[in-house]
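For reference, the chains in residue letters:
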Amino acid sequence: MLNHIWWSLPFTIIVFLLARKLSQKYRLTILNPLLISITIIIATLLITHTSYSHYFSGSRILNDLLQPAVIALALPLYEQLHQIRAQWKSIISVCFIGSLIAMVTGTAIALWTGASVEMAASILPKSVTTPIAMAVSQGIGGIPAISAACVILVGIFGAMFGHLLFNFLRIKKPIARGLAMGAASHAVGTARSAEINYIEGAYSSLALMTCGIITSLIAPFIFPLIIDLLH
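Reading guide: rules and limits
- Residues numbered from 1 in each chain as written.
- Predicted model: local features only at pLDDT ≥ 70, side-chain atom pairs only at ≥ 80, totals over all residues.
- Heavy atoms only, no water.
- 1 Å grid on protein atoms, 1.4 Å probe; cavity = no way out; pocket = protein on both sides within 12 Å on 5 of 7 lines; lining within 4 Å.
- Points joined across faces, edges and corners; volume = space filled by probe spheres on them.
- Helix = DSSP H or I, 4+ residues; strand = E, 2+ residues; numbered from the N terminus.
- Nonpolar A, V, L, I, M, F, W, Y, C, P; charged D, E, K, R; others polar.
- Patch = residues over 30% accessible without salt bridge, like charges linked within 9 Å, V, L, I, M, F, W, Y side chains within 5 Å.
- Areas by Shrake-Rupley, 256 points an atom, 1.4 Å probe, with all protein chains shown as cover.
- Salt bridge = Lys/Arg side-chain N within 4 Å of Asp/Glu carboxyl O.
- Buried < 20%, exposed > 50% of the residue type's maximum accessible area, 1.4 Å probe, protein only.
- Contact = heavy atoms within 4.5 Å.
- Arc of directions from axis to C-beta.

Where empty space is left can be seen by rolling a probe of water-molecule size over the atoms. If you walk through the whole model with that rule in mind, you get 1 cavity of 30 Å³ or more. When its volume is computed, the largest cavity comes out at roughly 40 Å³. Those elements giving two or more residues to the lining of the largest cavity turn out to be helix 8 (88–112) and helix 13 (198–230). A breakdown of the residues in the lining of the largest cavity according to their chemical character gives 7 nonpolar, 4 polar and no charged.

This part is about the layout of surface pockets. Of the pockets and cavities examined, the largest pocket occupies roughly 2200 Å³. Around the largest pocket, the lining is made up of 49 residues, and of these Phe 16, Pro 33, Leu 34, Ile 38 and Val 188 lie nearest the centre. Looking at the lining of the largest pocket, the elements that each hand over two or more residues are helix 1 (8–26), helix 2 (33–48), helix 3 (52–58), helix 4 (60–64), helix 5 (66–72), helix 10 (130–139), helix 11 (144–168) and helix 12 (174–196). Considered class by class, the residues forming the lining of the largest pocket number 31 nonpolar, 14 polar and 4 charged. Considered as a void within the structure, the second largest pocket measures approximately 380 Å³ in volume. In this structure, the second largest pocket is lined by 19 residues; those nearest its centre are Ala 180, Met 181, Ala 183, Ala 184 and Ser 185. Elements represented by at least two residues in the lining of the second largest pocket include exactly helix 8, helix 11 and helix 12.

Residues Ile 13, Phe 16, Leu 17, Ile 61, Leu 62 and Leu 65 make up a contiguous nonpolar surface patch of about 510 Å² in total accessible area. Sorting the residues of the nonpolar patch by element identifies helix 1 and helix 4 as the ones contributing at least two each. It is helix 1 that contributes the most residues to the nonpolar patch, 3 residues altogether. Here Phe 16 shows up in helix 1.

So, about the side chain of Ser 193. As for its placement among the helices and strands, Ser 193 is situated in helix 12. When its relative accessible area of 0% is taken as the criterion, Ser 193 is described as buried. Apart from the residues within four sequence positions on either side, Ser 193 is in contact with His 163, Met 181, Glu 200, Gly 201 and Ser 204.

Let us look at helix 10. When we look at burial in helix 10, the residues that qualify are Thr 130, Ala 133, Val 136 and Ser 137. In an axial view of helix 10, the angular spread of the buried residues amounts to 130°, which keeps them on one side of the axis. Facing away from the buried side of helix 10 by over 90 degrees, the exposed positions are Gln 138 and Gly 139. Those residues of helix 10 that are buried lie in contact with helix 9 (117–123), helix 11 and helix 13. Gly 141 occupies a position one or two residues after helix 10 and carries a positive phi of about 95°.

Moving on, we come to unusual backbone geometry. A positive phi is found at His 49, a non-glycine position, where the angle reads about 55°. Along the chain, the position of His 49 falls in the loop between helix 2 and helix 3. Residue His 49 is classed as exposed on the basis of its relative accessible area, which comes to 73%. Positive phi is not limited to glycine here, since Arg 170 has a value of about 60°. Residue placement: Arg 170 occurs in the loop between helix 11 and helix 12. Exposure remark for Arg 170: the relative accessible area of 70% places this residue in the exposed category.

As C-alpha cells, this is what we get:
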C-alpha cells in the first residue's frame with residue numbers, strides 16, 4: 001500500500017488532527033501538535049523505508065497551501081490597522097532590532113561553535129518564515145534545506161516555550177507578546193499567538209511579515225560583516 005502516494009495526504013492530516021486533539025486535552029508544553037506530527041511521520045517513513053520524496057509527492061498540496069495560509073494571517077492585521085498606524089515607528093524599530101539580533105546571534109553562535117561559513121549562512125535566517133528563509137539562505141551561500149529545518153525548530157521551540165517566558169518575565173501586553181513572537185518564531189509562533197489572543201496574533205502576524213522583509217533586505221550586507229569580524 002505504501003508504494004502508492006495516495007496515502008500520504010490523508011495520513012498527514014489525520015496525524016496532525018490527532019496530535020492537535022492530544023495537545024488540547026493535556027495542555028502540556030511538550031505536546032506541540034507540529035512536533036508530535038513530525039515525530040510520528042519521520043518514524044513512519046523510517047520504519048516503512050519510505051523515501052521523503054515519495055511521501056512528499058503525495059502531500060505536495062499541503063506545501064502549496066503554505067503561502068496562502070501565511071497571507072491569511074493578514075486578516076487580523078487588517079482589523080488592527082488603526083492601532084498600527086499610530087504605532088508604526090515603534091513597530092518598525094522593534095522589528096528591525098529583533099531581526100538584527102536574530103541574525104547576528106544565530107550566526108555568531110554557529111561560528112563560535114566551529115560551524116562552516118556555509119552552515120552559518122544557513123542558520124542566519126532561522127527566525128523568518130520558510131520561503132523567505134530559503135531564499136535568503138541561497139542568496140548568501142547557505143543551504144536552503146538546512147535553513148528550512150532551522151526555521152521549523154525555532155518555530156516549534158517558540159510556540160512551546162515563548163509564552164512561558166513571557167509569563168516568567170511578566171510581559172502581559174498582547175502587543176509586546178505578539179511582536180516578540182512574530183519576530184522570533186515566525187508563522188508557527190504566530191499561529192500559537194492567534195490561538196491565545198486575537199490582538200496578539202495580529203501583531204505577531206505584522207512582525208512576521210515585517211521581519212521577513214527586513215531580513216531579506218539587510219542579510220546580504222550583515223552576513224559578510226559578521227564573517228569578517230568573527231571568522
